[in-house]
Amino acid sequence: MFESIKEGLFITLSTLGLTILLEIFSISHVINFFRRGGKELYLKSIYYNLFNNLFLGTLSYAIFSYQFAVSIEKSFLYLTFEFLSLLLIQSLGYYFAHRLMHTNRFYYIHKFHHQYSDIIIPIAANSVTIYEYIFAYLTPFIIGIILIRPSKYSLKYAIYCVSVGNLFIHTPMFVEKPLKYFLSILPSYFVKPIDHFDHHRKVNKKFAAPILNIDRILENL
């Protein structure tokens, strides 16, 4: 269990470290956010980032990876299958949880995150209530861990992929020139930062995040 705690802590500290780095790259937007009266929201966001990641994220990883992840050797092909399966389960789980949180009955869970509407900065990625973090961020991965019983390698890389993707779709430089045009070449079955920025600004569209564009996939079924 101690090893699982250390692994979970390393993952969450890496997420926080990347958040800080992207905040530095987005400093002009952060300054503008403060000028528009966002200091109180920013301080609350720091609290949620620290509590959600360091406590809830580390604890859930330690418990469920210890109970369900396996350490036996597996082929690269099987590890890839586990990795992609975890991403698919996470994408579907988050999509339907996200849509549910946009209903009148459950929007209170998600409302805090949508205080980032006009100006969106990297810290917003994990600026969610404790209820949302458990329901939409952790639960899809927990379901995936229980169903797949993955290797810790495929599990860690899937978590890293989602964490990095979540930060990227909340980072303004990826919706600005020249990166905006570079990322536009991504297939439409992947979530682009501009898609999620549209969601924050228009609210009731483009619910998929952060990797697979479930909106687009369901449209073509």
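Residue indices begin from 1 for each chain and proceed along its sequence in written order. Two thresholds apply to this predicted model, a pLDDT of at least 70 for residue-level local features and 80 or more for giving and counting side-chain atom pairs, whereas whole-chain, interface and lining totals are computed over all residues. Note that water and hydrogens are dropped before the side-chain values are worked out from all heavy atoms of the structure.

**Points about the packing of aromatic side chains**
- Within 6.5 Å between ring centres, the rings of Phe, Tyr and Trp (the latter by its six-membered ring) count as paired, and their orientation is classed by plane angle as stacked under 30 degrees, edge-to-face over 60, tilted in between. Evaluated as defined, the whole model comprises 13 aromatic pairs.
- Judged by centre distance (5.3 Å) and plane angle (55°), the rings of Tyr47 and Tyr48 are tilted.
- Throughout, exposure labels follow a simple rule: accessible area from a 1.4 Å probe, protein chains only, divided by the maximum for the residue type, with under 20% read as buried, over 50% as exposed, and the rest as partly exposed. For Tyr48, a relative accessible area of 18% corresponds to the buried category.

**Concerning the nonpolar core**
- Working definition of a nonpolar core: buried Ala, Val, Leu, Ile, Met, Phe, Trp, Tyr and Cys residues. They are joined through side-chain atoms within 4.5 Å. Judged by nonpolar contacts, the single largest core of 33 residues is most densely connected at Tyr133, Ala136, Tyr137, Leu155 and Ile159.
- Secondary structure elements follow DSSP: runs of H or I of four or more residues count as helices, runs of E of two or more count as strands, with numbering from the N terminus. Elements represented by at least two residues in this core include exactly α3 (39–68), α4 (76–101), α6 (130–148) and α7 (152–168).
- Ranked by residue count, the leading element in this core is α6, at eight residues.
- Any two residues whose heavy atoms approach within 4.5 Å are treated as being in contact. What Ala136 contacts, discounting residues up to four positions off in sequence, is Tyr94, Ala97 and Met101.
- Counting residues in each nonpolar core, the second largest holds eleven residues, with Phe112, Tyr116, Ile121 and Ile123 among its members.

**Brief notes about unusual backbone geometry**
- Note that the residue after Lys177, namely Pro178, is joined by a cis bond; omega there is 0°.
- When you line up the elements, Pro178 lands in the loop between α7 and α8 (179–183).
- The omega torsion across Ala209 and Pro210 is -10°, close enough to zero to call that bond cis.
- Structurally, Pro210 can be placed in the loop between α9 (193–202) and α10 (214–219).
- We note that Arg149 has phi near 50°; this positive angle belongs to a residue other than glycine.
- Within the secondary structure, Arg149 is located in the loop between α6 and α7.

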